[in-house]
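# Coordinate inspection notes
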Amino acid sequence: MPELPEVETVRRGLAPVLDGARLVRVEARRPDLRFALPDGFVQRLTGARIGTMSRRAKYLLAPLDRGDVLVMHLGMSGRFEVASAKAKQKPGEFHYAPSVDEKHAHVVFHTEDGETVTYFDPRRFGYMDLIPAEALADHPWFKGLGPEPLGEDFNTAHLKAEFAGRKQSVKATLLDQCVVAGLGNIYVCEALHRSGVAPERAAGSLKPKELAVLVETIRLVLAEAIEVGGSTLRDYAAADGALGYFQHRFKVYGREGEPCLKPGCGGTIVRIVQGGRSTFFCPVCQR
DNA sequence: CCCACGACCTGTGGGC
DNA sequence: TGCCCACAGGTCGTGG
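These lines cover the structure that appears in this document, whether it is placed above or below. (Residues numbered from 1 in each chain as written. Chains lettered and ligands numbered in written order. Predicted model: local features only at pLDDT ≥ 70, side-chain atom pairs only at ≥ 80, totals over all residues. Heavy atoms only, no water.)

With that out of the way, let us pick up the overall build of chain A. Along its length, chain A carries 8 helices and 11 strands. For a compact globule of 287 residues, the expected C-alpha radius of gyration is about 19 Å, and chain A comes in at 20 Å, within 12% of that figure. Seen through its C-alpha atoms, chain A measures out along the principal axes to roughly 55 × 45 × 30 Å. Looking at chain A as a whole, 53% of its 287 residues qualify as buried. A distance of 5 Å separates the average location of the 38 positive side-chain charges in chain A from that of its 35 negative side-chain charges. (Helix = DSSP H or I, 4+ residues; strand = E, 2+ residues; numbered from the N terminus. Rg over C-alpha atoms; globule rule 2.2 N^0.38 Å. Buried < 20%, exposed > 50% of the residue type's maximum accessible area, 1.4 Å probe, protein only. Lys, Arg positive; Asp, Glu negative; His and termini not counted. Charge placed at Lys NZ, Arg CZ, Asp CG, Glu CD.)

Have a look at this one:
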């Protein structure tokens, strides 16, 4: 479920292997993911050294010493697996089974240190591109992006300005990456539930107090998810090297028909469809 | 300009 | 057991 917390968790899992690493071999096992891989993808990466892995919204960024930035988006089903050379030396502790999903292993990066990073993506909604560093900010994928929800530019004043006069539902508005960058279907549902705001409300109808609560709640929900991802990341790393998915107990998402977990609420979670996507909420405590 | 909706692609799980 | 449909974390383009 690659929303911001998952992408951040993936970044943290890849950083120890890719930060400062030189790529000695790159395999593009098919010419395209969601979009065609850029011209010379393999050649432009082979021999390049990666700087420090970073993240913007749901994009992973690997800056190269040649001036390009390798930009990666996980789409719906993208994930990485790391096969560590060191890990292979301790077969009792680590076990990597590269053939489990060979069919969807679309891109493979080999580092000078003997590490292998494999990108899997069954649905192929993910994508990669090489973009000159100086052109990143003006690139269509990044130009209109809203602030990072965990940064200081995301605050009540920002949300007030973005929500002002909007008739669109607050659910759909929060999914808009131009309003705030990195939220997805799950964490919007979770943040609205925790804030006590009904998803069908027009964004422009939220009161200042509700906006303030929403800002703080979004931060909390994402920060907690990153924390969970961090601890799960250690488990995964110890188990099989897979990155990108982890367990999380959600309060509303996927809980249709189950009792609301807000203390004293007593409501039942319902599922509706907004913009073709499922929204889960409690009609009792979300108003 | 704003918004709803279908498309993209494949896998999985539930119901019959 | 097998088949068919609904649905799945995200964007992007089209059309009203």
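Enumeration according to the criterion identifies 0 disulfides in this entry. A disulfide-free cysteine, Cys-189 has its sulfur positioned 13 Å from the sulfur of Cys-282, the nearest such atom. Take Cys-189: its relative accessible area is 1%, and that puts it in the buried class. Among the cysteines around Cys-282, which has no disulfide bond, Cys-265 carries the closest sulfur, lying 3.5 Å off. (Disulfide = S-S within 2.5 Å.)

Applying the stated rule across the entire model yields 10 aromatic pairs. Measuring from centroid to centroid gives 6.1 Å for Tyr-59 and Tyr-127, while their planes differ by 70°, and the two rings are edge-to-face. Of this pair, Tyr-59 sits in strand E3 (residues 59-63) while Tyr-127 is found in strand E8 (residues 127-132), placing the two residues 68 residues apart along the sequence. On the accessibility criterion, Tyr-59 (8% relative accessible area) is buried. Arranged with centres 5.2 Å apart and planes meeting at 55°, the rings of Phe-80 and Tyr-119 form a pair that is tilted. In this pair, Phe-80 is assigned in strand E5 (residues 79-83) and Tyr-119 in strand E7 (residues 116-120), connecting sequence segments 39 residues apart. (Phe/Tyr/Trp six-rings, centres within 6.5 Å; stacked < 30°, edge-to-face > 60°.)

Attention now goes to the side chain of Glu-115. The topology assignment puts Glu-115 in the loop between strand E6 (105-111) and E7. At a separation of 3.4 Å, a polar atom in the side chain of Glu-115 contacts the side chain of Ser-84. For Glu-115, the residues in contact, after removing those within four places along its chain, are Val-17, Val-82, Ala-83, Ser-84, Ala-85, Phe-109 and His-110. (Polar contact = N/O pair within 3.5 Å; in protein donor to acceptor, adjacent residues only side chain to side chain. Contact = heavy atoms within 4.5 Å.)

Turning our attention to the pattern of salt bridges. Within this structure, the stated rule accounts for 19 salt bridges. When the shortest N-O distance is used, the salt bridge between Arg-56 and Glu-148 registers 3.0 Å. Of this pair, Arg-56 sits in strand E2 (residues 54-56) while Glu-148 sits in the loop between helix H4 (140-143) and helix H5 (156-163), and the two are 92 residues apart along the sequence. Notably, a salt bridge pairs Arg-79 with Glu-81, separated by 2.6 Å at the nearest N-O pair. Taken as a pair, Arg-79 and Glu-81 share a single burial class, namely buried. Look at the salt bridges and you will find they share partners, linking Glu-8, Arg-11, Arg-12, Arg-55, Arg-56 and Glu-148 into a network. (Salt bridge = Lys/Arg side-chain N within 4 Å of Asp/Glu carboxyl O.)

What follows concerns empty space enclosed by the protein. Summed over the entire model, instances satisfying the criterion amount to 2 cavities of 30 Å³ or more. In this structure, the largest cavity spans a volume of roughly 40 Å³. Around the largest cavity, the lining residues are Thr-9, Val-10, Gly-229, Thr-232, Leu-233, Tyr-236, Leu-243, Gly-244, Tyr-245 and Phe-246. When residues of the lining of the largest cavity are traced back to their parent elements, those giving at least two are helix H1 (4-18) and helix H8 (208-239). Among the elements that make up the lining of the largest cavity, the one with the highest residue count is H8 (4 residues). (1 Å grid on protein atoms, 1.4 Å probe; cavity = no way out; pocket = protein on both sides within 12 Å on 5 of 7 lines; lining within 4 Å. Points joined across faces, edges and corners; volume = space filled by probe spheres on them.)

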